[in-house]
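Descriptive structure summary
The primary structure of each chain is shown beneath.
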Amino acid sequence: MPRSAWLCRKGNWPVSSRFVVLVVPFVIIAIFWLLARREAKLRHDPTHKGYFERNGMTLGILFIVLVALWALFLVVLPYLYMVVESFHPQLPPSKRGGPEDVLTLEQYKSFFVQPVGGGLNVTHIGALVFSILASIAVTALNFAICYPLAYYMAQSSGAQKVRLLMLALIVPYWVNEILRAFALRLLLASRGLINQALMGLGITDAPIDFLGIDVGLYVGLSYAYLLIMIFPLYNAIESLDKNQIEAARDLGAPWWRIHRDVVIPYAKPGIASGCTMVFMLSAGSLAAPQFLGGPRTLWFTSVIYNFFFQNFNWARGSAYAFILLAACIALVMLMLRLFKVSLGETIK
Amino acid sequence: MKSAWVMKGMLGFYILLFFLYLFGPLIVMGITAFNTPSYPQAYPFEAFTLDWFVKLWNDRNMMQGLQNSFIIGLGVVALSVPAGLAASIIMSQIYHRARGLFYLVTISPLLTPGVIIGISTVIFWKDVLGVTEVTKAIFYKGVVLTILGQSSFISAYCLLIFMARLTRFDRAQEEAALDLGASYPQVFWHILLPYMKPAIVSAVVIAFLSSFENYNTTTFAILADKTLVTVLAGQVRQGTTPALSALAVIIIGISLFGAITYEILKRREKKRAEQAQKRALVAERGDGQGDALPAPSSA
Amino acid sequence: MSAGVELDHVTVRFGDFTAVNSATLDIKGGEFFSFLGPSGCGKTTILRTVSGFLEPSEGKVRIGGQDMAGIGPNKRPTALIFQNLALFPLMTVTENITYGLRVRGVDKAARTKKAEELLELIALPGQGNKQMSELSGGQKQRVAIARALAVQPQVLLLDEPLSALDLKLRQHMRNELRTIQRMVGITFIYITHDQGEALTMSDRIAVMSDGVIQQIADGKTIYDEPATAFVASFVGENNPFAGTVVRADKSFALVETRFGRLHGRNPRGMKEGDKAILFVRPESLRLGAGASDTTLSSTVKSVAFEGNMTHVYLEGAGKKDITVSVGRQSTTSIPERGQMAAISYDAALGLALPEGQLARE
């Protein structure tokens, strides 16, 4: 039996066409391998040792299997596959691989134009824009909150004190995201402690609906990713030579100029890395919007969530996921370019 | 001088506020765990009770979720720590032109929203495992998919931990072992692995904790199963009960215990290193005196 | 047991850069042989080629007459002492010393016995259970030597092992190394940029520059009869006078320099018209005039009193001053700064060599 016949055995085998794109990473690996071979032939390198010579057969194979399992089967292939899926129509399982299973831009179009009735898809575009703007706001907020502490820890306190502060920072981080959201909800709810206090002090008569007006959402996101900001900042500022600050102070620079002209330019890669992480995490977060967002607030990940769990439209969910990813990456790249930081420095 | 005092006071106030922000919500939640009203309330404190802890213990869903969380955590550790270690070693040996791409690919899960990781894992493995009925029946399960999905980014944490330690590794040690006759695998087991041990311990702890508390990826990959966090999420969505506060108290208690133990161990180690240093200094003073070699008898 | 090491036209290239260019030499079994040269001259590359970490691009390495091509560092009868020692910090002294035996499958009892023997040899008896962090610099040095000797190598390779120690300890360790070499009787190949180390310890020295072996000889010959301008300027202090040979015979040459015609020996047999450099060492120069073709004069720039010696620096031809070292027994009066002074030397102590690259100061 020829191979192709075996592949098409069932006629509507659902995945064969989708697997084509999965060959791409293997082609790339093959290209690099050939390049490496060619270079080794052209330039003699006296230190060169073959891969298996260096690691031994058993370990060498083990390393490759582990890394291939991870990098290919857990990272690259699922991503590619999701992208492929987003270019397909949503079909019941029996029709997958059938004649209706063709490549289409339908899912992406549905993000911009309402599938039913036409017209601009204001809800979803609005959700994306809101998610991104709110994430930018949260990133800025966290930077403002964390910078002074990171600076204090890095520049003006002893090793013992820093260790204690670190410990105090890490402990609450071990409490999981949901419980942290829950704790904030207890505080901010209409029957929560803050409203009790406000009313007890006679500042307001009726409870303020913090969750309804999205205060909960912002606080929740900021709270969840506080440490993601503080550690890169601390690491970056810590390596700055104290003498530079002393020198600037000697020259009579006021404190804000020291920060603007000396500390911040030096810590730029750390700032970029902290901001990138916080932005990406909050744009992709699910818990805080679900548990702390107001009833009318639509976070983009919740839209995606609903496609999977309520409408069972995986194709459209994939397309939306890809749109989110692309939008976030584009924005991060733009910001990095704007502030003249290289991506390499950021992800170090 | 006066302005320095003002600055200092402001700084102290700011640090106080910061930690109040960090700990305040957790403390309030902690208080509600011991208060009797069924709506979690910190004030007024009506009466002390441990009922909510008992209730937690009797919640079968939560216990089932806890069990799955443990299984997943162990699975993730078993997969990501070796994968991260292998990747860190391959990173140092890979063809130099491919290194950038390899780094980007392995680090990309850290910058990808967890939701997307969860979705892509489910979509991909559903079709891959669906190729035969047998694989589908055995492996197409929430626990398995969650291990795979979480490992994709937790391996990247591990990779970063290992790379940080590897850059400080003295390659001459590898060569010294080789020169003394060790084979390449022996160098790995005798020299590199012991050197990496502290990093491996950190990676295990961090991998397990990240797995345990993950929500975004898990909620997609877990399918019909449940973990502690998804059970929690379900309960929080339905309403609020002091039993959740009780759970948080337990978790905070465990992490405090862990953190303090870690700190004590670290201090003890530091003391030991200082003593060794002192002895080395004493030895240094004796260098080149007293214990010299005997003169060659034949010359 | 000791084995000789032969290099047969060994060339090592890194891409377009040639680190070692066609090195050929023959180290005898049991010899203390040093490679001396400034950093980047290729001496470490040679050592790594002998130990097997590098494969030569061309040529052959033979140890004990056997071709080493394709034999890895873990299969060669050599042991290397690293510049930073590369002791294993997570192992005790004994574990370090016996690591080579452990990977050879020697059982624990035999290993412990061997460790005790070696600890005795390096004068650290009973200290086997110490951690590396508890040892002083000199003790670490000796543990590194013991670790290398434990595998009973036929050739011991040492890559500037003393460079991390302070001056006093370094001088002390020179004697110890020489002592150990005599006791164990194996071939030592020693890499250094410190001529004092090379001259005091070695049976023979190879002086290297830019990947090329300049001269192979014993220390006295290297100092008294340098073969090239590089060796003359690198080993010990020397005053170079560049010029052209105006008259030459088998043993002597007359070189026209900026300071007049100067006389010197002509071991390389230069002919009239050849570009040459005449070398006279500071301690061979004396103050005061002598025969006309061994006398020159210049302005005194400075005088430095150094206890046993007084150095007089005179205006030289280029950037470099002419140095005259005057011993205490000399009765000549030391000239003042700014004076013109005549200096001279014995014709036999002047050395004319073909023009070539000088060592950087």
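Along every chain, residues carry numbers that run from 1 in the direction the sequence is written. To read the labels, note that chains go from A and ligands from 1, taken in the order they are written. It should be noted that, the model being predicted, local features are given only for residues of pLDDT at least 70 and side-chain atom pairs only at 80 or more, the latter also being counted only at that level, while totals for whole chains, interfaces and linings use all residues.

**A word on the domain arrangement of chain A**
All names here are of chain A. How we decide: Where a domain begins and ends is set by an automatic assignment or by a domain database. In this description, any two residues whose backbone-derived C-beta atoms lie within 7 Å of each other are considered to be in contact. In this classification, Asp, Glu, Lys and Arg are treated as charged, Ala, Val, Leu, Ile, Met, Phe, Trp, Tyr, Cys and Pro as nonpolar, and every other residue, Gly included, as polar.
Under the domain assignment, chain A is made up of domain 1 (3-104) and domain 2 (122-346). When each unit is reduced to the centre of its C-alpha atoms, the spacing between domain 1 and domain 2 is 36 Å. Each side of the interface is counted separately: domain 1 has 7 residues, and domain 2 has 8 residues. Broken down by class, the residue content of the side of domain 1 that touches domain 2 amounts to 3 nonpolar, 3 polar and 1 charged.

**So, the pairing of strand E12 (residues 252-257) of chain C**
Residue and element names in this part refer to chain C. Going by this rule: Each pair of strands is called paired provided DSSP finds at least two bridges between the two strands. Helix and strand assignments follow DSSP, with helices taken as H or I runs no shorter than four residues and strands as E runs no shorter than two, numbered in order from the N terminus.
Inspection of the sheet shows strand E11 (residues 239-248) paired to E12 by 5 bridges, in the antiparallel sense. Pairing of Val245 across the sheet is with Val255, part of E12. Looking at chain direction, E12 and strand E13 (residues 260-265) are connected through 6 bridges and run antiparallel. Bridged to Phe252 within E13 is Arg265. Between E12 and the antiparallel strand that follows it, E13, lie 2 residues.

**Observations regarding the sheet that holds strand E8 (residues 187-192) of chain C**
All names here are of chain C. Selection criterion: Every axis in this analysis is a line fitted to C-alpha atoms, fitted for helices over the stretch in contact. Angles between the N-to-C directions lie between 0 and 180 degrees.
The 6 strands lie next to each other as E6-E7-E8-E3-E9-E10, forming an open sheet whose pairing is mixed. The open sheet is flanked by strand E6 (78-81) and strand E10 (212-217), the only strands paired with a single partner. Going across the sheet, the axis of each strand differs from the next one's by a mean of 20°, ignoring polarity. Pairing analysis gives 4 bridges linking E6 to strand E7 (residues 155-159), with the strands arranged parallel. Bridge pairing links Leu80 to Leu157 in E7. Those strands touched by helix H5 (residues 137-150) are E6 and E7, and its axis lies near 170° from that of E6.

**Concerning unusual backbone geometry**
Residue and element names in this part refer to chain C. For clarity, the cut-off: A residue is called partly exposed when the number of other C-beta atoms within 10 Å of its own lies between 12 and 20, exposed at 12 or fewer, and buried at 20 or more, with C-beta atoms placed from the backbone.
Residue Ala86 is not a glycine yet carries a positive backbone phi of 50°. Relative to the elements of secondary structure, Ala86 occurs in the loop between E6 and helix H2 (93-97). Exposure remark for Ala86: the 22 C-beta atoms within 10 Å place this residue in the buried category. One non-glycine residue, Asp210, lies in the positive phi region at around 50°. Relative to the assigned elements, Asp210 resides in the loop between strand E9 (204-209) and E10.

**Considering the packing of helix H4 (residues 108-121) of chain C against H5(C)**
All names here are of chain C. For clarity, the threshold we go by: Each angle is binned into one of four classes, with values under 35 degrees roughly parallel, values over 145 roughly antiparallel, values of 65 to 115 roughly perpendicular, and all other values oblique. The hand of a helix crossing depends on one turn: near helix anticlockwise from the far one by less than a right angle means left-handed, and clockwise means right-handed.
Between H4 and H5, the shortest axis-to-axis distance is 10 Å and the interhelical angle comes to 135°. One finds that H4 runs oblique with respect to H5. At the point where H4 passes H5, the crossing takes the right-handed sense. For the pair formed by H4 and H5, the contact residues are Lys114, Leu118, Leu119 and Leu121 on the first element and Ala146, Leu149 and Ala150 on the second. Partitioned by chemical class, the residues of the contact of H4 with H5 number 6 nonpolar, no polar and 1 charged.

**Description of the environment of B:Leu160**
Residue and element names in this part refer to chain B. Within the secondary structure, Leu160 sits in helix H7 (residues 142-166). With 18 C-beta atoms counted inside 10 Å, the residue Leu160 sits in the partly exposed group. For the pair Leu160 and Leu74, spaced 86 residues apart in the sequence, the C-alpha separation amounts to 20 Å.

**Observations concerning the interface of chain A and chain B**
On the chain B side, the residues contacting the 71 residues of chain A number 71 residues. Looking at the side of chain A that touches chain B element by element, the count peaks at 18 residues for helix H5 (residues 57-86) of chain A.

**Describing the domain arrangement of chain B**
Partitioning chain B into structural domains gives domain 1 (21-49) and domain 2 (66-226). Relative placement of domain 1 of chain B and domain 2 of chain B: their C-alpha centres are 39 Å apart.

**Description of the nonpolar core**
Test applied: By definition, a nonpolar core groups buried Ala, Val, Leu, Ile, Met, Phe, Trp, Tyr and Cys residues that are joined through C-beta atoms within 7 Å.
With 263 residues, the main nonpolar core has A:Ala150, A:Leu233 and C:Ile189 as its most contacted residues. Beyond its immediate chain neighbours, meaning those up to four positions away, C:Ile189 contacts C:Val5, C:Ile27, C:Phe33, C:Leu47, C:Val50, C:Val155, C:Leu157 and C:Leu158.

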